Amino acid sequence: MALQELDFDSCYRAVSARDPRFDGRFYTAVTTTRIYCRPICPARTPASRNVRFYRHAASAEAAGFRPCKRCRPELSPGDPGWDLRGDLVGRALRLIDDGAADEQGVAGLARRLHITERHLHRLFVAELGVGPLAVARTKRLLLAKQLLTETALPVTEVAFAAGFGSVRQFNATMRETYGFTPSELRATAGPRTALLAHASVPAVDEDAARPADSTATRAVTLRLRLHRREPYDVNGVFSFLASRAIPGLEVADGTSYRRSVQGGTVTLTPRPDHIALDVAVEDTRQLARIVARCRRLLDLDADPEAISDVLGRTSLGPLVAARPGLRVPGTFDGFELAVRAVVGQQISVAGARTLLGRIVARAAAPGGLFPTPARLLDTDLSGLGMTNRRIDTLKDLAARLADGQLDLDGGQDPAEAVAALLEVRGIGPWTAGYIALRALRDPDAWPTGDLVLVKRMAALGIPNDHIERWRPWRAYAALHLWSSS
């Protein structure tokens, strides 16, 4: 949906009804208060003559509006339309969520997408009304606002965790955009979740800047809320992750999920209306990436109503009715998922877990992390129970990611990535489809030739030509069939 396609009357009806289906799809700006809100804001609905609608929070902020302290736009689920489209702007937004613009700048973001910075800016203005730099700044500000509101993390740490280069820059940007400083926001935020562990911190130094190569010397533990669209199949998602948890990397039991990340761990626990994210890390600068990847891992931004509207009218109708809010679990790391897919070829889930645990035990990066492509390339994988052909496939895959031929974390067009995967020796349509389904976040991916899907369709009397009827949500169709077995 382009910027000009937002229909005023439809948006206003959604706001008047506080319809949660539209949360995250657009923002309502009120000209009399200069505040922008989520469609579900409990405040009194403003008169239509005083309302403007914006596709992205950055567009509202660029027009001079500041976020509502009552409905808190920073808690909105993401717009699911970008995954469905999978185009340049959608992939750029995913990379911005992942912190690419903070680390590499807009020029680096454009290089990752293999386009010029000017072309990227032009695309963003056409779609959102603002450039990628404004979007990245809004992402930083909204994350900072959530940290100030929900945690006791000191302002200095909030600045760096949100992606700002210094406390002075953080203060100036927040005052310029929102009209108040971080300390002023915190003073009015009310009770906050206490840090579970935090050493004493010196007084705020506005000129403090964390060197690019530095890391904190102590662990910081905090909790954030990750909101989701309802209905959400908690049991389905967490059971799926638990059955595939890699020994030495992940611990999951169906009610919570914990994994190692750089410099610490993250734990995800379902709550009645959100997911609790507990983060324990030494370097808070990776927090934005952690939040984005946890959202994708749990598929929190999917649109369950749009999916059920299509699949519920097909031969999958009874399965959709039985599992409302079913999600497609994603991954924390694209390469990790690709290795899972290769190792899992033609063996059981339990067998794949065993082999993956052996790979982690032998090749894990410092801190017990899943090995990087370069590290896996340098590791002897013989004697772990895999065939030489399977090892060759893993090495070829790792080499292509290490030299930039493949990007499985959002930078590459999904169709191009699948085509590149099929060039790897030992990767066929099933493996490429499974990687597209979970790592590339393609909602229409289909793991061609999957034996379980073939058997379930036969048992349910579903002809093969029905697969085309499930577009553009074939990935969710696959999960419904897998879950019914």
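Computed from a predicted structure; not experimentally measured.

**Quick word on the overall build of the protein**
Then, in step 1: A tally of regular secondary structure across the protein gives 22 helices and nine strands.
Then, in step 2: Whereas a compact globule of 485 residues would reach a radius of gyration of roughly 23 Å, the protein reaches 23 Å, a difference of no more than 12%.
Then, in step 3: Dimensions of the protein, computed from the C-alpha atoms along their principal axes, are close to 65 × 55 × 45 Å.
Then, in step 4: Going through the 485 residues of the protein one by one, you find that 56% of them count as buried.
Then, in step 5: Once local pairs closer than 6 in sequence are excluded, the contacts in the protein between residues at least 24 apart make up 70%.

**A word on the sheet that holds strand β7 (residues 257–261)**
Then, in step 1: Read across the sheet, five strands follow the order β5-β9-β8-β7-β6 without closing on themselves; strand pairing throughout is antiparallel. Every interior strand has two partners, whereas the edge strands, β5 (220–226) and β6 (250–252), have only one. Across the sheet, the axes of successive neighbouring strands diverge by a mean angle of 15°, strand direction being ignored.
Then, in step 2: Of the strand pairs in this sheet, β6 and β7 are connected by three bridges, and their pairing is antiparallel. Paired with Glu250 across the strands is Arg259, a residue of β7.
Then, in step 3: The strands that helix α11 (residues 234–243) touches are β6, β7, β8 (264–270) and β9 (275–281); relative to β8, the one it contacts most, it runs at about 145°.

**Focus on the nonpolar core**
Then, in step 1: Counting 116 residues, the largest nonpolar core has Leu268, Leu298, Leu397 and Trp470 as the members making the most contacts within it.
Then, in step 2: Grouped together as the second largest cluster of nonpolar side chains are 20 residues, Ala58, Ala92, Val106 and Val135 included.

**Some thoughts on the state of the cysteines**
Covalently bonding the sulfur atom of one cysteine to the sulfur atom of another cysteine gives a disulfide.
Then, in step 1: Enumeration according to the criterion identifies zero disulfides in this entry.
Then, in step 2: Between Cys41, a cysteine without a disulfide, and Cys71, which holds the nearest cysteine sulfur, the sulfur-to-sulfur distance is 3.8 Å.
Then, in step 3: This cysteine, Cys68, is not joined by any disulfide, and Cys71 carries the nearest cysteine sulfur, 3.8 Å off.
Then, in step 4: Given the relative accessible area of 8%, Cys68 is considered buried.

**Considering the environment of Arg229**
Then, in step 1: Take Arg229: it is sitting in the loop between β5 and α11.
Then, in step 2: Counting along the chain gives 71 residues from Arg229 to Leu300, while the straight-line C-alpha distance between them is 6.5 Å.
Then, in step 3: Only 2.7 Å separates the side chain of Arg229 from the backbone oxygen of Gly78, close enough to count as a polar contact.

**Observations regarding the packing of helix α4 (residues 88–97) against helix α7 (residues 132–150)**
Then, in step 1: Where α4 contacts α7, the axes come no closer than 10 Å and their chain directions differ by 40°. Judged by the twist between their axes, the crossing of α4 over α7 is right-handed. Packed against α4, whose contacting residues are Leu93, Ile96 and Asp97, the element α7 presents Pro132, Val135, Ala136 and Lys139 at the interface.
Then, in step 2: Considered class by class, the residues forming the contact of α4 with α7 number five nonpolar, no polar and two charged.

**Notes on helix α12 (residues 287–298)**
Then, in step 1: With twelve residues, α12 should reach 16 Å at 1.5 Å per residue; the first-to-last C-alpha distance of 17 Å fits that figure.
Then, in step 2: Burial within α12 is extensive, with eleven of its twelve residues counted as buried.
Then, in step 3: Along α12, the residues that are buried comprise Leu287, Ala288, Ile290, Val291, Ala292, Arg293, Cys294, Arg295, Arg296, Leu297 and Leu298.

**Some points on the pairing of β9**
Then, in step 1: The element β9 is largely enclosed, with a buried count of six among its seven residues.
Then, in step 2: Pairing of β8 with β9 involves seven bridges; the strand directions are antiparallel. What sits directly across from Pro270, in β9, is Ile275.
Then, in step 3: Here β8 hands over to β9 after four residues, the two strands then running antiparallel side by side.

**Re the environment of Pro443**
Then, in step 1: Relative to the helices and strands, Pro443 resides in the loop between α20 (429–438) and α21 (451–459).
Then, in step 2: Accessibility expressed as a relative area gives 8% for Pro443, which makes it buried.

**Considering the environment of Ala352**
Then, in step 1: Tracing the backbone through its elements, the reader meets Ala352 in helix α16 (residues 349–363).
Then, in step 2: As a C-alpha pair, Ala352 and Arg362 span ten residues in sequence and 16 Å in three-dimensional space.
Then, in step 3: Filtering out sequence-adjacent residues up to four positions away, Ala352 remains in contact with Val343, Gly344 and Ile347.

**Quick notes on the pattern of salt bridges**
Then, in step 1: For the structure shown, the criterion picks out 36 salt bridges.
Then, in step 2: Here the salt bridges share partners, and the residues they tie into one network are Asp98, Glu103, Arg289, Arg293, Arg296 and Asp333.

**Description of the sheet that holds strand β3 (residues 51–54)**
Then, in step 1: Strand order in the open sheet made by the four strands is β3-β1-β2-β4, with mixed pairing throughout. Edge positions in the open sheet fall to β3 and β4 (66–67), since each of these has one partner strand only.
Then, in step 2: Pairing of strand β2 (residues 35–37) with β4, which is carried by two bridges, proceeds in the parallel orientation. Along β4, the bridge assignment pairs Tyr36 with Pro67.
Then, in step 3: Here helix α1 (residues 8–17) sits on the sheet and contacts β1 (27–30) and β3; the angle it forms with β3, its principal contact strand, is near 100°.

**Description of unusual backbone geometry**
Then, in step 1: Residue Pro231 is bonded to the preceding Glu230 through a cis peptide linkage, with omega at -5°.
Then, in step 2: The peptide bond linking Arg471 to Pro472 adopts the cis configuration, its omega dihedral lying at 5°.
Then, in step 3: You can see Pro472 is positioned in the loop between α21 and α22 (474–483).
Then, in step 4: Within the chain, Arg34 stands out as a residue other than glycine whose phi angle is a positive 60°.

**Things to note about the confidence of the model for the protein**
Then, in step 1: Chain-level pLDDT for the protein is 92 on average; 93% of the residues reach the 70-or-more range.
Then, in step 2: Note that residues 194–204 has pLDDT below 50 and, in this model, 22 contacts with residues that lie over four places away or in other chains.
Then, in step 3: Here residues 211–216 is modelled with pLDDT under 50, and outside its nearest four sequence neighbours on either side it reaches seven contacts, counting other chains as well.

**Regarding the packing of aromatic side chains**
Then, in step 1: The full count for this structure, using the stated rule, is 13 aromatic pairs.
Then, in step 2: Arranged with centres 6.2 Å apart and planes meeting at 55°, the rings of Phe22 and Phe26 form a pair that is tilted.
Then, in step 3: What makes Phe22 partly exposed here is its relative accessible area of 26%.
Then, in step 4: In this structure Phe26 comes out as buried when scored by relative accessible area, which is 2%.
Then, in step 5: An aromatic cluster of three or more residues is present, and its members are Phe8, Tyr12, Phe22, Phe26 and Phe53.
Then, in step 6: Lying across the ring of Phe180, Lys69 places its NZ or CZ 4.6 Å from the centre.

Rules used throughout
- Residues numbered from 1 in each chain as written.
- Predicted model: local features only at pLDDT ≥ 70, side-chain atom pairs only at ≥ 80, totals over all residues.
- Heavy atoms only, no water.
- Helix = DSSP H or I, 4+ residues; strand = E, 2+ residues; numbered from the N terminus.
- Rg over C-alpha atoms; globule rule 2.2 N^0.38 Å.
- Buried < 20%, exposed > 50% of the residue type's maximum accessible area, 1.4 Å probe, protein only.
- Contact = heavy atoms within 4.5 Å.
- Pairing = 2+ DSSP bridges.
- Axes fitted to C-alpha atoms, helices over the stretch in contact; angles between N-to-C directions.
- Core = buried A, V, L, I, M, F, W, Y, C linked by side-chain atoms within 4.5 Å.
- Disulfide = S-S within 2.5 Å.
- Polar contact = N/O pair within 3.5 Å; in protein donor to acceptor, adjacent residues only side chain to side chain.
- Left-handed = near helix turned anticlockwise from the far one by under 90°.
- Nonpolar A, V, L, I, M, F, W, Y, C, P; charged D, E, K, R; others polar.
- Expected span 1.5 Å × (residues − 1).
- Salt bridge = Lys/Arg side-chain N within 4 Å of Asp/Glu carboxyl O.
- pLDDT = per-residue confidence, 0-100.
- Phe/Tyr/Trp six-rings, centres within 6.5 Å; stacked < 30°, edge-to-face > 60°.
- Lys NZ or Arg CZ within 6 Å of the ring centre and 35° of its normal.

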